[in-house]
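# Observations on the model geometry
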Amino acid sequence: MAEEQQKIVAKEGDCTLLAIESSCDETAAAVVRSGREVLSNAVFTQIPLHKIYGGVVPEIASRSHVEKIGAVVAEALEQAGKTLEEMDAIAVTDGPGLVGALLVGVSYAKGLAFAAHKPLVPVHHIEGHISANLIAHPDLEPPFLCLVASGGHSHIVRVADYGVYELLGRTRDDAAGEAFDKVARVLGLPYPGGPELEKLAKGGDPHAFSFPSGFNAGAHYDFSFSGLKTSAINLVHNAQQRGEEIRREDIAASFQQAVVNILAGKAVRAAKEQGCGTLALAGGVAANTALREGLRQRAEQAGIRFVCPPKNLCTDNAAMIGAAGYYRLLRGCTCGLDLNANPGLQLGF
Ligand code: KG4
Ligand code: ZN
């Protein structure tokens, strides 16, 4: 990321951002007012393009972003009834993600910022996911705890203040979404596996199989999903080798339940132990109903407020980047036109 200027460039209040997100397989643009009000939220999903390969093909993702980004940005401005000149700043995801995919959004945002003489605000993708909660819950203010579960990350983060993040726990191996996708593939489900596995699980018994909690049973806040994923995959392969019938619905439901128990159990314990009265959920896996409800129940039992964004703001979108971008702009975190995509960007931990 280019050097940040620590001066206030915007005052709290009426401030409208155009936000762009292209870190993986969604080309997205949104117009967001003052970090909390979504005026438009345009998303072009590449899922049909990658489905036949069973996962995201980076080269195809980059090319598709190039083809669509102009139309998606135009759609976002049109839906909001705004022009580029009326924007106060341009926010863009600069990492982490696929480098070629990120570069498309970053380059496009730089072009717009240069042409329209607007400040450019770089946004960390995970900060965006966390900030989706600010849109959904206008009264939500830091400090709060956030469980982030996406395709690439499983984090427990203490949001101490706007832009101040303390990493309490993270996955030691696979992310939760990654484990969902890999188990789904072995169950014969198409990409992206998470939502498909959730559908299959609806017809299954969550208690049919029990999976060991292993490393996750420790007093720490870190996760491990690799062992759980391998147990589920072995169940399927062993049954296939013996020629036995095995109910795929039961494996899906039991696996999902095990993931929910690990994520929700640990996040609520962390909130209690850290004295956080509010627990938020974020990331693509946050669209999973069993996880949302599992967390809600456990948090309520512990006397902790639970919040999560609507499902369309859990998976990748640009509205969340506009929300995070606003609070970055308030802190003076703008950058120059030398901004580069950073696939391994860290969230200031
Ligand atoms: O946040 P996201 O859209 O992209 C990344 O930043 O990674 O998360 C995508 C991940 C994928 O692994 C996908 O399978 C998972 O979120 N996911 C779900 C559900 N919807 C998306 N996992 C379980 N249940 C869902 N309903
Ligand atoms: Zn994401």
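Residues numbered from 1 in each chain as written. Chains lettered and ligands numbered in written order. Predicted model: local features only at pLDDT ≥ 70, side-chain atom pairs only at ≥ 80, totals over all residues. Heavy atoms only, no water.

## With respect to the domain arrangement of the protein
Interface size is commonly expressed as the accessible surface area that is lost when the partners come together. As a reminder, the rule being used: Residue ranges for the domains originate in an automatic or database domain assignment. Residue contacts are defined here by distance: any two heavy atoms, one from each residue, within 4.5 Å place the two residues in contact. As used here, buried area is the combined drop in accessible area, with a 1.4 Å probe, of two parts when they are placed together. Salt bridge criterion: a side-chain nitrogen from Lys or Arg within 4 Å of a carboxyl oxygen from Asp or Glu. As used in this structure description, the phrase polar contact means that two N or O atoms lie within 3.5 Å; if the pair is within protein, one of them must be able to donate a hydrogen and the other to accept it, and residues adjacent in sequence are counted only when both atoms belong to side chains. Helix numbering and strand numbering both begin at the N terminus, where a helix is a DSSP run of H or I of at least 4 residues and a strand a DSSP run of E of at least 2. Only Asp, Glu, Lys and Arg are considered charged in this grouping, and only Ala, Val, Leu, Ile, Met, Phe, Trp, Tyr, Cys and Pro are considered nonpolar; every other residue, Gly among them, is considered polar.
When the domains of the protein are assigned, the result is domain 1 (3-131 + 314-330) and domain 2 (142-311). The straight-line distance from the C-alpha centre of domain 1 to that of domain 2 is 27 Å. The interface is formed by 16 residues belonging to domain 1 together with 23 residues belonging to domain 2. Approximately 1,500 Å² of surface area, both sides summed, lies buried where domain 1 meets domain 2, with 68% of it carried by carbon and sulfur atoms. Together, Ile126, Ile130 and Cys314 form the three largest contributors to the area buried by domain 1 at its contact with domain 2, with a combined 42%. The interface formed by domain 1 and domain 2 includes zero salt bridges. Put simply, domain 1 and domain 2 have seven residue pairs in polar contact (both at pLDDT 80 or more) between them. Elements with a contribution of two residues or more to the side of domain 1 that touches domain 2: helix H1 (47-51) and helix H4 (125-136). Looking at the side of domain 1 that touches domain 2, the element that brings in the most residues is H4, giving four residues. Within the side of domain 1 that touches domain 2, the residues separate by chemical class into seven nonpolar, five polar and four charged.

## Topic: the coordination of the zinc ion (ligand 2)
Let me state the cut-off plainly: The rule for donors is simple: an N, O or S atom within 2.8 Å of the metal counts, and for Na, K and Ca the reach is 3.2 Å. Water is not among the atoms, so a site may look short of donors. To sort residues, take the accessible area from a 1.4 Å probe on protein chains only and compare it with the maximum for the residue type: under 20% means buried, over 50% means exposed, and anything in between is partly exposed.
Those donors, His125 (NE2), His129 (NE2) and Asp316 (OD), are the protein atoms that reach the zinc ion (ligand 2), and they lie 2.0 to 2.1 Å from it. Read from N- to C-terminus, the donor residues coordinating the zinc ion (ligand 2) fall into the pattern H-x3-H-x186-D. Separated by four residues within a single helix, His125 and His129 lie in helix H4, roughly one turn from each other. An identical accessibility class is assigned to His125 and His129; each is buried.

## Brief notes about the site of ligand 1
How we decide: The criterion for a residue being near a molecule or strand is simple. One of its heavy atoms has to lie within 4 Å of it.
Around ligand 1, the surrounding shell holds 18 residues, and the nearest of these are His129, Gly151, Asp181, Glu198 and Gly284. Take His129: an N or O atom from its side chain is 3.0 Å from an oxygen atom of ligand 1. Of all the secondary structure elements, the ones that give two or more residues to the shell around ligand 1 are H4, helix H5 (176-186) and helix H6 (193-201). Tallied by class, the residues present in the shell around ligand 1 amount to four nonpolar, 11 polar and three charged. Counting residues domain by domain, the shell around ligand 1 receives three or more from each of domain 1 (3-131 + 314-330) and domain 2 (142-311).

## What to know about H5
Basically, it comes down to this: The reported arc concerns the directions from the helix axis to the C-beta atoms and nothing else.
Burial in H5 covers these residues: Ala176, Gly177, Ala179, Phe180, Val183 and Ala184. Viewed end-on, H5 has its buried residues packed into an arc of 160 degrees, placing them on one side of the element. Looking one or two residues beyond H5, the residue adopting positive phi is Gly188, at roughly 80 degrees.

## A look at the pairing of strand S7 (residues 154-161)
Remember that side chains alternate between the two faces of the sheet whenever the strand is regular. Inclusion rule: Two strands are said to pair when DSSP picks up at least two bridges between them.
Taken together, the six bridges between strand S6 (residues 144-149) and S7 define a ladder with antiparallel strand orientation. Residue pairing for S7: Leu145 is matched across the bridge by Arg158. Hairpin geometry of S6 and S7 is characterised by an intervening segment of four residues between the two adjacent antiparallel strands. Where S7 lies against strand S8 (residues 164-170), six bridges are found, and the strand directions are antiparallel. From the neighbouring strand, Asp161 faces S8, where its bridge partner is Val164. The antiparallel pairing of S7 with S8 creates a hairpin that spans two residues between the two strands, and Gly163 there sits at a positive phi of about 80 degrees.

## Focus: the nonpolar core
Selection rule: In these notes, a set of buried Ala, Val, Leu, Ile, Met, Phe, Trp, Tyr and Cys residues joined through side-chain atoms within 4.5 Å is what counts as a nonpolar core.
Judged by nonpolar contacts, the single largest core of 50 residues is most densely connected at Leu187, Leu197, Phe225, Phe255, Leu263 and Leu295. When residues of this core are traced back to their parent elements, those giving at least two are S6, H5, H6, helix H7 (226-242), helix H8 (248-273), strand S9 (278-282) and helix H9 (289-301). Looking at this core, the element that brings in the most residues is H8, giving 14 residues. In contact with Phe255, not counting residues within four places along its chain, are Ala179, Phe180, Val183, Leu197, Phe211, Leu228, Lys229 and Ala232. Residues Val121, Ile130, Ala318 and Leu347 belong to the second largest nonpolar core, which totals 38 residues.

## Quick word on the packing of H4 against helix H10 (residues 319-330)
Definition in use: A fitted line through C-alpha atoms represents every axis, and for helices the fit uses only the stretch in contact; the resulting angles, taken between N-to-C directions, go from 0 to 180 degrees. Each angle is binned into one of four classes, with values under 35 degrees roughly parallel, values over 145 roughly antiparallel, values of 65 to 115 roughly perpendicular, and all other values oblique.
Orientation of H4 relative to H10, taken along the N-to-C sense of each, is 95 degrees, at an axis distance of 7 Å. Taken as axis vectors, H4 and H10 run roughly perpendicular relative to one another. Contacts between H4 and H10 pair His125, Glu127, Gly128, His129, Ser131, Ala132, Leu134 and Ile135 from the former with Ala319, Met320, Ile321, Ala323, Ala324, Tyr327 and Arg328 from the latter. In terms of residue class, the contact of H4 with H10 is made up of nine nonpolar, four polar and two charged.

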